[in-house]
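Structural overview for review
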Amino acid sequence: MSLHDDAALVLKSYGGGADAAQEELRRAYLDHLSLYPDGMWKACGAGHLTASALVVDPERGRVLLTLHRKLRMWLQMGGHCETGDATLAGAALREATEESGIAGLTLLAGGPVTLDRHPIPAPCNWHLDVQYAALAPSGSTERISDESLDLRWFAYDEVAGVADSSVVRLVERTRAVLDGVR
């Protein structure tokens with residue numbers, strides 16, 4: 001199965017918590033994939049799917065964010081899919097591991113936590129981000145990558161003070177999933 005096919009299957013089964021905005025994004029992502037065979041790749045001028053993961057330490061009630069080198073914003077780990085990625089979940093886990101430096105991350109069960117579509121500079125125009133949550137092993141240590149200016153743990157309630165609304169929504173949705181509300 002191709003990464004494109006895997007992404008379509010993931011999106012077909014994504015529930016979004018009965019949220020109308022998430023359902024609209026889910027349909028838009030599926031439409032994008034049906035229109036663009038290259039819709040998984042950075043080269044797709046109409047935009048492309050990306051995979052990200054919020055690294056969470058639920059024992060301590062905190063998340064690890066990266067100060068993105070190019071955007072100079074505190075964000076979850078994530079980015080472009082690569083030709084070696086077999087699945088969208090695998091791409092999110094690869095990105096989270098590379099950018100956090102934490103070995104042994106595991107994705108939160110149940111698939112993506114949320115979807116977020118945001119504009120980017122031309123020629124690509126849009127990132128259609130499929131966002132997961134990754135659990136950090138107890139006692140793990142982060143290590144900064146070349147893509148980051150900084151890595152820092154933030155308590156759940158601190159995120160709104162440093163990150164944009166998309167990251168705040170991702171944290172809220174992740175906490176709801178962790179609390180058993182889907």
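Use the structure listed above.
Right, let's walk through the structure included here. Note that the structure is a prediction, hence the values are computed from the model and not measured.

**A look at the overall build of the protein**
Counting its regular elements, the protein contains four helices and eight strands. Secondary structure elements of the protein occur, N-terminal to C-terminal, as α-α-β-β-β-β-α-β-β-β-β-α. For 182 residues, the compact-globule estimate of 2.2 N^0.38 gives 16 Å, and the protein sits close to it at 15 Å. When the backbone C-alpha atoms are referred to their principal axes, the protein occupies close to 45 × 35 × 30 Å.

**Overview of helix α3 (residues 88-100)**
Compared with the 18 Å implied by 1.5 Å per residue over 13 residues, the 18 Å span of α3 between its first and last C-alpha is a close match. Here α3 has its buried residues at Leu88, Ala91, Ala92, Arg94, Glu95, Ala96, Glu99 and Ser100. Buried-residue contacts for α3 involve α1 (3-13), β1 (48-57), β2 (62-68), β4 (77-80), β7 (126-135) and β8 (148-155). Residue glycine 101 follows α3 closely and has a positive phi angle near 75°.

**Quick look at the nonpolar core**
Ranked by internal contacts, the top residues of the largest apolar core, which has 32 residues, are Leu11, Met40, Leu49, Val55, Leu88 and Val130. Within the residue set of this core, elements represented by two or more residues are α1, α2 (20-35), β1, α3, β7 and β8. Beyond its immediate chain neighbours, meaning those up to four positions away, valine 130 contacts Leu11, Tyr29, Leu49, Thr50, Ala51, Ser52, Leu88, Pro112, Thr114 and Leu115. Counting residues in hydrophobic clusters, the runner-up holds 19 residues, among them Leu67, Phe154, Val159 and Val177.

**Points about the packing of aromatic side chains**
The full count for this structure, using the stated rule, is one aromatic pair. Judged by centre distance (5.1 Å) and plane angle (75°), the rings of tryptophan 74 and phenylalanine 154 are edge-to-face. Of this pair, tryptophan 74 sits in strand β3 (residues 74-75) while phenylalanine 154 sits in strand β8, and the two are 80 residues apart along the sequence. By relative accessible area, phenylalanine 154 is classed as buried at 5%. When the ring centre of tryptophan 153 is taken as reference, the NZ or CZ atom of arginine 62 above it lies at 4.1 Å.

**Some points on the packing of α1 against α2**
With their axes 10 Å apart at the nearest point, α1 and α2 run at an angle of 155° to one another. Between α1 and α2, the interaxial angle falls into the category roughly antiparallel. Relative to α2, the crossing made by α1 is left-handed. Touching His4, Ala7, Ala8, Leu11 and Lys12 of α1 are Arg26, Tyr29, Leu30 and Leu33, all from α2. Of the residues belonging to the contact of α1 with α2, the class tally is six nonpolar, one polar and two charged.

**Quick word on helix α4 (residues 165-178)**
Between the first and last C-alpha of α4 there are 20 Å, a value that for 14 residues agrees with the 20 Å anticipated at 1.5 Å per step. Those residues of α4 that fall on the buried side of the exposure criterion are Ser166, Val167, Val168, Leu170, Val171, Arg173, Thr174 and Val177. Those residues of α4 that are buried are in contact with β1, β2, β3, β6 (114-119) and β7.

**Some details on the environment of glutamate 158**
One can find glutamate 158 in the loop between β8 and α4. Accessibility expressed as a relative area gives 40% for glutamate 158, which makes it partly exposed. For the pair glutamate 158 and valine 63, spaced 95 residues apart in the sequence, the C-alpha separation amounts to 9.6 Å. Within polar-contact distance, the side chain of glutamate 158 engages the backbone nitrogen of alanine 155 at 2.8 Å.

Criteria and cut-off values
Residues numbered from 1 in each chain as written. Predicted model: local features only at pLDDT ≥ 70, side-chain atom pairs only at ≥ 80, totals over all residues. Heavy atoms only, no water. Helix = DSSP H or I, 4+ residues; strand = E, 2+ residues; numbered from the N terminus. Rg over C-alpha atoms; globule rule 2.2 N^0.38 Å. Expected span 1.5 Å × (residues − 1). Buried < 20%, exposed > 50% of the residue type's maximum accessible area, 1.4 Å probe, protein only. Contact = heavy atoms within 4.5 Å. Core = buried A, V, L, I, M, F, W, Y, C linked by side-chain atoms within 4.5 Å. Phe/Tyr/Trp six-rings, centres within 6.5 Å; stacked < 30°, edge-to-face > 60°. Lys NZ or Arg CZ within 6 Å of the ring centre and 35° of its normal. Axes fitted to C-alpha atoms, helices over the stretch in contact; angles between N-to-C directions. Parallel < 35°, antiparallel > 145°, perpendicular 65-115°, else oblique. Left-handed = near helix turned anticlockwise from the far one by under 90°. Nonpolar A, V, L, I, M, F, W, Y, C, P; charged D, E, K, R; others polar. Polar contact = N/O pair within 3.5 Å; in protein donor to acceptor, adjacent residues only side chain to side chain.

The values are spatial; any link to function lies outside them.
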